[in-house]
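Geometric and topological summary
What follows is the residue order along each chain.
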Amino acid sequence: IRRVRELDLLGQTAELGILSKLEKQGLDLATIESLLPQAEKLGLLSLVANNQQLLINLVAPLLVEPAPLLLPAIAGALDVGPTAFYLAAATLAGTEAFLLVNNVEVPFVGLSAGVLLGLLLVPLTVVTGGLGVALASAGKK
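Described in the following lines is the structure provided in the data block. (Residues numbered from 1 in each chain as written. Predicted model: local features only at pLDDT ≥ 70, side-chain atom pairs only at ≥ 80, totals over all residues. Heavy atoms only, no water.)

1. Here's the deal with the pattern of salt bridges
- Summed over all chains, the structure comprises 3 salt bridges.
- For Glu 6, the salt bridge goes to Arg 3, with nearest N and O atoms at 3.0 Å. Placement of both Glu 6 and Arg 3 in helix H1 (residues 2–7) is noted, with a separation of 3 residues, approximately one turn of the helix.
- Residue classification places Arg 3 among the partly exposed positions, given a relative accessible area of 35%.
- Residue Lys 21 pairs with Asp 79 through a salt bridge whose shortest N-O separation is 3.3 Å. On the criterion of sequence distance, the pair formed by Lys 21 in helix H3 (residues 18–24) and Asp 79 in helix H7 (residues 67–80) is long-range, its members being 58 residues apart.
- We classify Lys 21 as buried; its relative accessible area is 16%.
- In this structure Asp 79 comes out as partly exposed when scored by relative accessible area, which is 42%.
- Each member of the salt-bridge network shares a partner with another, and the members are Arg 3, Glu 6 and Glu 65. (Salt bridge = Lys/Arg side-chain N within 4 Å of Asp/Glu carboxyl O. Helix = DSSP H or I, 4+ residues; strand = E, 2+ residues; numbered from the N terminus. Buried < 20%, exposed > 50% of the residue type's maximum accessible area, 1.4 Å probe, protein only.)

Next comes the structure, spelled out in structure tokens:
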């Protein structure tokens, strides 16, 4: 929380108008609140509650540190809509396919770049595609 305050992430979020852009796409706080019972049925809330330390110590720094660079890109993508997230997912998947098909290796290490970067590119593809689907379905309501 201290690092979020140091980076002024809340101020930057407000300046970029991310919440108003989300509302324009059809995703407001009431919609998010209506999803909480479904998240509980799937066990997601208890999963988060049982793994708080892991999330705070491992996942939070991975989200907080690059946030000043990512927030403007997210704000721009929200202006465009779900198509921007689909394009990002396609680009990430295409990059992964290119690395695998061409057997690109990491210099001096000899590991396959497709496999190594796939650990990052594949989850990012799923997340960005999922965000596109979520925005598209939120906009239909």
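2. Topic: the layout of surface pockets
- As a volume, the largest pocket reaches approximately 1800 Å³.
- Residue lining of the largest pocket: 46 residues in total, with Leu 63, Ile 74, Phe 85, Val 127 and Leu 131 positioned closest to the centre.
- Those elements that provide at least two residues to the lining of the largest pocket are helix H2 (9–16), H3, helix H4 (29–41), helix H6 (52–64), H7, helix H8 (82–101) and helix H9 (113–140).
- With 11 residues, H9 is the single largest residue contributor to the lining of the largest pocket.
- When grouped by side-chain class, the residues that make up the lining of the largest pocket number 38 nonpolar, 5 polar and 3 charged.
- Space inside the second largest pocket adds up to approximately 170 Å³.
- Forming the boundary of the second largest pocket are Ile 1, Arg 3, Val 4, Ile 56, Ala 60, Pro 61 and Val 64. (1 Å grid on protein atoms, 1.4 Å probe; cavity = no way out; pocket = protein on both sides within 12 Å on 5 of 7 lines; lining within 4 Å. Points joined across faces, edges and corners; volume = space filled by probe spheres on them. Nonpolar A, V, L, I, M, F, W, Y, C, P; charged D, E, K, R; others polar.)

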